[in-house]
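# Secondary and tertiary structure notes
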Amino acid sequence: AGSMEPDSQHRDKNDLVPPSFGIATQAVYAGVIGSFLYGYMLCYLNSCGDFIAIYFRWCNSDVQADCLASRISGGLINAILYLGAAAGALLVGRPFMVAYGSRVQLMVSDAFFIVGGLLGAGSVGTGCLLLSRVLSGVGLGISAIAAPVYIAEVSPTETRGYHSAKHGLYIAVGLLAAELVGLPQDPPPGLSEFNSWYWRAIMGFPVLMAALQFALFKWDVPVDTVSFLVQQGKIKAARTLLYRTYGLASPNINIPGARATVNLQDAKVAKLELHLKNLAESAAEAKAIKRMTIPQAIADPVWRCSVFVGFFLASYQQLTGINALMAYSNSLFAEAGIPPRFLTLASVGMCVANVVVSVISTKLVDNWGRRTLLLWGAFAQTLAMAAMTHLVPLLSVQEQGFSSFFFFCLFVVSWNYGLGAITWLWLSEIYPMVIRGPALSACGVVKWLSCFFVVLCARFLDLYGSCVVFGTVSGIGVKDPARSIGTSQQFEFENFAFQLLILDPTLHCHCM
């Protein structure tokens, strides 16, 4: 991680340099626990889902885990998390939640994670499991929005890009942890004494992480962001935190205009005071803007296209099937011929590749550009699924398992550096302040509802069907590039939506 730090050479003595592990960095590492929980919640059932099915005898058997009743129950328990997440995304956009700021929002999400985790660990039936996942999903929906906002806003300008990239990285680490915790389990079929209780520990693990984050934000680093403090009119507190972020003592000043006690000849002080002034002006401008609701934006031809573009991209990101493949990777690997004792290990290997690419993709965004990454990501996803359907069946039985593992890894890492890295960065750039908050909240709801649909339906697809469906959807992102780059004026939404991934944000904002 050290290679990602901003360049420390050739700095002027008056440059602002935040301490390497100052208050901002400590707050960031408290914030990324929310990112970690995001990743963990997505696929921890992958390694223990079969044992839960046997424990509750969904198939009326002590050894069988795959039957129609099991697929229905397992699919609902996996997918209902995303209904809760949609509710959480809707909740975090409400004015009363916005007024609390992203730190308190993360603490609220921790409360949902704790209650959901305790219910899951103590489940006595399918109903408890469903309620556990819904409550955890609400926490997920809140944290998925609040964590990246908090991390970005609490970070100093000089290290904001570096710290912001940790959100995606720690999601990948959470995914990896969800697979690693499954390794001690005995391989199926059957339910050993250890497996009969260990799934409860897997479901209860988020309680520990959420409690840790809550405690850190409550007592160790109770730090709101400077911009949030300015918006609340707490200028003195904002000034103190801003100076502390750079390891400097705050000047004794109570009102913005009292400059007599501030040494503006000190270049560092002058820069910080200018930054504070700019934040105050931006906050005043933001308050003066008349906000627009989503129904109003849809009814207005000026904003309608941007709103639908965001809905499509948020939905498309999930319709490519990434969360379904991660949630059911063990079952799909089993169909591909990987022996039962290596199923969770294969999923771990896929997540390790995901972590590595997460680190690399943080640099590729600026070097390659958003459009290029989206194009190549969608193309590689399509190629991986095409190989699974047309190439792998031609190989010997011994070769099919390893080949499936390779192409699954290719699909996951391609999504990570393409749709995974770019989608929400792109959405955050295309919306002006007048609709930004409601639009991003609505896109979050659309994303999670799409994910619910995909994860639920994917439980009833076999390996071949999953590859065909998700490969076809991924292929939409690379269809007919020549036609899509034409004019963005008077673009019909149907054509525009299917060609969206080929456009730059600067183009599609003019289709209004």
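Residues numbered from 1 in each chain as written. Predicted model: local features only at pLDDT ≥ 70, side-chain atom pairs only at ≥ 80, totals over all residues. Heavy atoms only, no water.

## Let's talk about the overall build of the protein
Broken down by element type, the protein carries 23 helices and zero strands. Across the 512 residues in the protein, those meeting the buried criterion constitute 53%. Here the analysis covers contacts within the protein between residues at least 6 apart in sequence; of these, 77% occur between residues at least 24 apart. Summed over its atoms, the accessible surface of the protein is roughly 22200 Å², and 64% of this surface lies on carbon and sulfur atoms. (Helix = DSSP H or I, 4+ residues; strand = E, 2+ residues; numbered from the N terminus. Buried < 20%, exposed > 50% of the residue type's maximum accessible area, 1.4 Å probe, protein only. Contact = heavy atoms within 4.5 Å. Areas by Shrake-Rupley, 256 points an atom, 1.4 Å probe, with all protein chains shown as cover.)

## Considering the nonpolar core
Most often, soluble globular proteins keep nonpolar side chains buried together rather than apart. Counting 111 residues, the largest nonpolar core has Ile52 and Trp448 as the members making the most contacts within it. Apart from residues no more than four positions distant in its own chain, tryptophan 448 is found in contact with Tyr38, Tyr82, Ala85, Ala86, Ala89, Leu140, Gly141 and Ala144. Counting residues in hydrophobic clusters, the runner-up holds 29 residues, among them Val28, Val32, Leu106 and Ile151. (Core = buried A, V, L, I, M, F, W, Y, C linked by side-chain atoms within 4.5 Å.)

## What to know about helix H11 (residues 267-288)
Over its 22 residues, H11 runs 32 Å from end to end, which matches the ideal 32 Å to within 8%, given 1.5 Å per residue. All buried positions along H11 are accounted for by Val269, Leu272, Glu273, Leu276, Leu279 and Ala283. Here the buried residues of H11 occupy an arc of 120 degrees about the axis, which is enough to place them on one side. Projecting away from the buried face of H11 at angles above 90 degrees are the exposed residues Glu285 and Ala288. Looking at the buried side of H11, the elements it contacts are helix H9 (226-231) and helix H10 (235-245). (Expected span 1.5 Å × (residues − 1). Arc of directions from axis to C-beta.)

## Digging into the state of the cysteines
Applying the stated criterion across every chain, the model contains one disulfide. Sulfur-sulfur distance for the disulfide between cysteine 59 and cysteine 67 comes to 2.1 Å. Judged by the sign of its S-S torsion, about -100 degrees, the bond between cysteine 59 and cysteine 67 is left-handed. By relative accessible area, cysteine 59 is classed as buried at 12%. Cysteine cysteine 43 remains unbridged, with the sulfur of cysteine 351 as its closest cysteine sulfur at 5.2 Å. Taking relative accessible area as the criterion, cysteine 43 reaches 1% and is therefore assigned buried. (Disulfide = S-S within 2.5 Å.)

## Focus: the environment of glycine 39
Here glycine 39 shows up in helix H1 (residues 23-43). For glycine 39, a relative accessible area of 0% translates into the label buried. A C-alpha to C-alpha distance of 9.1 Å links glycine 39 and glycine 168, two positions 129 residues apart in sequence. Setting aside residues no more than four positions away along its own chain, glycine 39 makes contact with Ile171, Gly174 and Leu175.

## A short note on helix H7 (residues 160-180)
In this model H7 runs 30 Å from its N-terminal to its C-terminal C-alpha over 21 residues, within 8% of the 30 Å that 1.5 Å per residue would give. Where H7 bends most, at histidine 167, the angle is about 30 degrees. (Bend = angle between axes of the 7 residues up to and from the residue.)

## Quick word on the pattern of salt bridges
In total, this model carries three salt bridges according to the counting rule given. Notably, a salt bridge pairs aspartate 62 with arginine 57, separated by 2.4 Å at the nearest N-O pair. Between arginine 103 and aspartate 224 there is a salt bridge, with its nearest N and O atoms 3.1 Å apart. In this pair, arginine 103 is assigned in helix H5 (residues 101-121) and aspartate 224 in the loop between helix H8 (195-220) and H9, connecting sequence segments 121 residues apart. With relative accessibility at 12%, the residue arginine 103 sits in the buried group. Here aspartate 224 falls in the buried class, since its relative accessible area comes to 15%. (Salt bridge = Lys/Arg side-chain N within 4 Å of Asp/Glu carboxyl O.)

## With respect to the packing of aromatic side chains
Per the stated rule, a full pass over the model turns up 21 aromatic pairs. Considering the side-chain rings of phenylalanine 308 and phenylalanine 311, the 6.4 Å spacing of their centres and the 75 degrees angle between planes classify their relative orientation as edge-to-face. Taken together, the residues phenylalanine 308 and phenylalanine 311, both in helix H13 (residues 304-319) and three residues apart, mark about one turn of the helix. A relative accessible area of 27% means that phenylalanine 308 is categorised as partly exposed. A relative accessible area of 18% means that phenylalanine 311 is categorised as buried. Sitting over the ring of tryptophan 448, lysine 447 keeps its end group 4.3 Å from the ring centre. The ring of tyrosine 328 carries arginine 459 above its face, with NZ or CZ at 5.5 Å from the centroid. (Phe/Tyr/Trp six-rings, centres within 6.5 Å; stacked < 30°, edge-to-face > 60°. Lys NZ or Arg CZ within 6 Å of the ring centre and 35° of its normal.)

## Concerning the confidence of the model for the protein
Of the residues in the protein, 85% reach a pLDDT of 70 or more, and the chain-wide mean stands at 81. Every residue in residues 1-9 is under pLDDT 50, and counting partners more than four places away or in other chains gives 12 contacts. In the model, residues 254-261 has pLDDT below 50 throughout and makes eight contacts with residues more than four positions away in sequence or in other chains. (pLDDT = per-residue confidence, 0-100.)

## Structural notes on the side chain of lysine 447
Checked against the element boundaries, lysine 447 lands in helix H19 (residues 436-458). Among all residues touching lysine 447, those that are not within four sequence positions of it are Tyr38, Ala314, Gln317, Gln318 and Trp424.

## Concerning the packing of H5 against helix H6 (residues 126-154)
Where H5 meets H6, the axes come as close as 8 Å, and the angle between the chain directions of the two elements is 160 degrees. As judged from the angle between their axes, H5 and H6 are roughly antiparallel. With respect to the hand of their crossing, H5 and H6 are arranged in left-handed fashion. A per-class count over the contact of H5 with H6 returns 16 nonpolar, 10 polar and one charged. (Axes fitted to C-alpha atoms, helices over the stretch in contact; angles between N-to-C directions. Parallel < 35°, antiparallel > 145°, perpendicular 65-115°, else oblique. Left-handed = near helix turned anticlockwise from the far one by under 90°. Nonpolar A, V, L, I, M, F, W, Y, C, P; charged D, E, K, R; others polar.)

## As for a nonpolar patch on the surface
Together, Leu68, Ile72, Leu76 and Phe460 make up an exposed nonpolar region whose accessible area comes to about 360 Å². By the element assignment, phenylalanine 460 lies in the loop between H19 and helix H20 (463-475). (Patch = residues over 30% accessible without salt bridge, like charges linked within 9 Å, V, L, I, M, F, W, Y side chains within 5 Å.)

## Notes on the packing of helix H2 (residues 45-55) against H8
H8 packs onto H2 with a crossing angle of 125 degrees between their chain directions and a minimal axis gap of 9 Å. Here H2 lies oblique to H8, going by the angle between them. Considering the relative orientation of H2 and H8, their crossing is left-handed. Together, Ser47, Cys48, Phe51, Ile52 and Tyr55 of H2 and Asn195, Ser196, Trp199, Arg200, Ile202 and Met203 of H8 make up the contact between the two elements.

## Some points on unusual backbone geometry
Not every positive phi belongs to a glycine, and arginine 57 is a case in point at roughly 55 degrees. The exposure class of arginine 57 is partly exposed, given its relative accessible area of 37%. One non-glycine residue, asparagine 60, lies in the positive phi region at around 55 degrees. By secondary structure assignment, the location of asparagine 60 is in the loop between H2 and helix H3 (68-92).

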